[in-house]
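# Fold and geometry: a report
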Amino acid sequence: MKAYQDMNQDELKTLHQQLSKQYQDMKDLHLQLNMARGKPDFSQVQLSMPLLDVINSHYDFTDKKDYCNYGILDGIDEAKQLFADILETTPEHIIVYGNSSLTIMFDQISRGFTHGYLGHTPWCHLDKVKFLCPVPGYDRHFAITERFGIEMISIPMDENGPDMDLVEKYVQEDETVKGIWCVPQYSNPSGITYSDEVVERFAHLKPAAPDFRIFWDNAYIIHHLYDHHQDHVKNILEACQEAGNPDLVFEFCSTSKVTFPGAGVAAMATSINNKKDILKHLTVQSIGHDKLNQLRHAQYFKSIEDLKHHMSQQAELLRPKFEMVLDIFDKELKPFHIGTWSHPLGGYFITFEAMDNCAQDIVQKCKEAGVILTDAGATFPYGKDPHDSVIRIAPSYPPLNELKQATELFVLCVKLVSVEKLLKL
C-alpha cells in the first residue's frame, strides 16, 4: 500500500471518490456517539457499588462521633493515610477535601490572587501574572488560568516531559511566572510519564518569583492499564525536600476515576509550611468537608493493596478499549503515513497527531457523522493548536461495540481529510 504522499493526483482523486462514498454511508447510519471526555463507563462504576454499603445506619460510630460533626479541616486520619499511601508521602503532608481535585486547583489559583502564598504579594496587586503550560495538555487547567486572566505560555513536550531548558529559562529569569501545570504520569492527553531527570530538574528550580509553584496534578498515579508493564513517576515531594525546595509544589489527586465520578474524594499533598498557610484560609472558608465519604472510602480500601487490586479490575475493563483503538489505527492508518499516535501504558487518553491543518476538519467531519470528539485545539492554551494537528481520543466511556464504530468513523475521516489536504480541496 502506498503512502498518501506518494500517490499522484489521479490516484488521490480516485481514492477521494471512494472515501466520500464510504463517509456518506456512515452518515446515513445516524450515529450518536460521544468520545469527548475521559469518563468511566458504568461497568467501571459498578465495581465500586459495595462501597455504598460500608457506612450505613448500623455503623458503629462510638469512636468516630466527631466524623458526624463540623471540623477536622485537613481530613480524617484514615483518609489522610490512604492518600499518603497513594502519593508515597506521610499524612502530615496531606489535606483531604471534597469530591474534586479540580476545585482544589481552582482554589489554589484563587488564593494566589486574593491572599498570596506564605505572605507574598497577592497576584491581584501585580501588573502581570504568567503560567507555563506544557502542550498538549489538560484543557481544564488552561480554562482555570484563562478564567483568572493569567497569561499562558506553551511549553513543548517530548517523551520525557516538558522542555526543561525552556522551563528553567522562564522560571529562573521572569518573576511574573508564578506557576506551571503538570500531569506527570500518563499525562493528559499524551500518556507520557516524566523522566526522573525532568522531576529532578523541577525540584532544583531556582525561581525568580519566591511564590512560584508547581501544580503537580497526579491524576493518573494509580491508573495503569497493565499489571506488570507500568510507568512510575519519581516522587516530587521527596525530590523537592532533598533539593532544599520543600514549598515548591502542590500535588493533587482524587478517586474520581477510581470509585464514583463526582462522588469520590480529592486530596492535596504539600509541604508543612504550605499546609499551615492553606489551613488558615480553610478555617474561614469551610466547616469541614464530607468526612463520612472520606470514611467510606478509607474503610472500603483498608490498604493500598486493596486499592491496587481494585485498579487492576478497572484496567481489565479499560485495556480492551485502548488495544482495540490502537489496533484499528495500526491496521487502517499506519501504512498510509497520515498520522501518528501515542501508545500509553495508563491514564485515559490516546493522542492522535494528524497531518498539519487537518485536526479541525477531522473533528468536524466526525461530528457531522454523529461522533463527538474533544474540540481540536482544546489541548492548547486559548484553544489554539499552532499546527492544527492534535486530537485527543478518549476511549473509556463508549461500550466496546460503539467504540469500534466511532473509531472506524474517525479513521475514515482522517483518510478523507488527509486526501483533501493533499488535493488542496
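Above this text sits the structure in question.
No experiment lies behind these values; they were computed from the predicted model shown. (Residues numbered from 1 in each chain as written. Predicted model: local features only at pLDDT ≥ 70, side-chain atom pairs only at ≥ 80, totals over all residues. Heavy atoms only, no water.)

### What to know about the layout of surface pockets
Taken as a whole, the largest pocket spans an internal volume of roughly 600 Å³. Around the largest pocket sit 25 residues that line it, and Leu102, Tyr138, Arg140, Ser256 and Lys257 are the ones nearest its centre. Going through the elements one at a time, helix 4 (101–114) and strand 8 (249–254) are the ones with two or more residues in the lining of the largest pocket. In terms of residue count, helix 4 provides more of the lining of the largest pocket than any other element does, 3 residues in total. Taken together, the residues of the lining of the largest pocket sort by class into 10 nonpolar, 9 polar and 6 charged. (1 Å grid on protein atoms, 1.4 Å probe; cavity = no way out; pocket = protein on both sides within 12 Å on 5 of 7 lines; lining within 4 Å. Points joined across faces, edges and corners; volume = space filled by probe spheres on them. Helix = DSSP H or I, 4+ residues; strand = E, 2+ residues; numbered from the N terminus. Nonpolar A, V, L, I, M, F, W, Y, C, P; charged D, E, K, R; others polar.)

### Describing the environment of His232
For His232, the location among the structural elements is in the loop between strand 7 (213–217) and helix 8 (236–242). Judged by relative accessible area, which is 54%, His232 ranks as exposed. Distance in space between the C-alpha atoms of His232 and Pro184 is 9.4 Å, their sequence separation being 48 residues. Non-local contacts of His232, meaning those with residues more than four positions away in its chain, are made with Gln185, Thr193 and His224. Among the polar contacts made by the side chain of His232, one reaches the side chain of Gln230 at a distance of 3.2 Å. (Buried < 20%, exposed > 50% of the residue type's maximum accessible area, 1.4 Å probe, protein only. Contact = heavy atoms within 4.5 Å. Polar contact = N/O pair within 3.5 Å; in protein donor to acceptor, adjacent residues only side chain to side chain.)

### Overview of the sheet that holds strand 10 (residues 339–341)
Across the sheet, which stays open at both edges, the 3 strands sit in the order 10-11-13 with antiparallel pairing between neighbours. Where the open sheet ends on each side, the last strands, each with one partner, are strand 10 and strand 13 (390–393). Each neighbouring strand pair of the sheet contributes to a mean axis angle of 20°, computed without reference to strand direction. Of the pairings in the sheet, the one linking strand 11 (residues 350–354) to strand 13 comprises 4 bridges and is antiparallel in character. Residue pairing for strand 13: Phe352 is matched across the bridge by Ile391. (Pairing = 2+ DSSP bridges. Axes fitted to C-alpha atoms, helices over the stretch in contact; angles between N-to-C directions.)

### Looking at the environment of Asp211
Position of Asp211 among the secondary structure elements: in the loop between helix 7 (196–203) and strand 7. With relative accessibility at 2%, the residue Asp211 sits in the buried group. It is 9.3 Å that separates the C-alpha atoms of Asp211 and Val177, two residues lying 34 residues apart in sequence. Those residues in contact with Asp211 that sit more than four places away from it in its chain are Tyr117, His120, Thr121, Trp123 and Lys178. In terms of polar contacts, Asp211 uses its side chain to reach the side chain of Trp123, at 3.1 Å.

### Re the packing of helix 3 (residues 77–87) against helix 10 (residues 291–300)
For the pair helix 3 and helix 10, interaxial distance at closest approach is 8 Å and the crossing angle is 55°. Classified by the angle their axes make, helix 3 and helix 10 are oblique. Between helix 3 and helix 10 lies a crossing whose hand is left-handed. Of the residues in helix 10, those in contact with Glu78, Ala79 and Leu82 of helix 3 are Gln294, Leu295, His297 and Ala298. Considered class by class, the residues forming the contact of helix 3 with helix 10 number 4 nonpolar, 2 polar and 1 charged. (Parallel < 35°, antiparallel > 145°, perpendicular 65-115°, else oblique. Left-handed = near helix turned anticlockwise from the far one by under 90°.)

### Describing the packing of aromatic side chains
Evaluated as defined, the whole model comprises 23 aromatic pairs. Both rings, one in Tyr117 and one in Phe250, keep their centres 5.3 Å apart while their planes meet at 85°; by these two values the pair is edge-to-face. Residue Tyr117 is found in the loop between helix 4 and strand 3 (130–135), and its partner Phe250 is found in strand 8; the two are separated by 133 residues along the sequence. Residues Tyr117 and Phe250 agree in their burial class; the two are buried. Joined through ring pairs, the aromatic side chains of Phe106, Phe113, Tyr117, Trp123, Phe131, Phe148, Trp181, Phe215, Phe250 and Phe252 make up one cluster. The ring of Tyr397 is capped by Lys39, whose NZ or CZ atom sits 4.5 Å from the centre of that ring. (Phe/Tyr/Trp six-rings, centres within 6.5 Å; stacked < 30°, edge-to-face > 60°. Lys NZ or Arg CZ within 6 Å of the ring centre and 35° of its normal.)

### Quick word on a nonpolar patch on the surface
On the surface, Phe42, Met49 and Leu52 cluster together into a nonpolar patch covering about 290 Å² of accessible area. Mapping Met49 onto the fold places it in the loop between helix 2 (42–46) and helix 3. By relative accessible area, which is 31% here, Met49 ends up partly exposed. (Patch = residues over 30% accessible without salt bridge, like charges linked within 9 Å, V, L, I, M, F, W, Y side chains within 5 Å. Areas by Shrake-Rupley, 256 points an atom, 1.4 Å probe, with all protein chains shown as cover. Salt bridge = Lys/Arg side-chain N within 4 Å of Asp/Glu carboxyl O.)

### Description of the sheet that holds strand 2 (residues 94–96)
If you trace the 8 strands from one edge of the open sheet to the other, you get 2-9-8-7-6-3-4-5, paired in mixed fashion. The sheet is open, and its two edges are formed by strand 2 and strand 5 (161–162), each paired on a single side. Bridging between strand 6 (residues 177–182) and strand 7 involves 4 bridges; their strand directions are parallel. In the strand pairing of strand 7, Gly179 is matched with Arg213. In the packing of helix 3 onto the sheet, the strands contacted are strand 2, strand 8 and strand 9 (266–269), and the crossing angle to strand 2 comes to about 125°. Against the sheet, helix 7 contacts strand 5, strand 6 and strand 7, and its axis sits at roughly 145° relative to strand 7.

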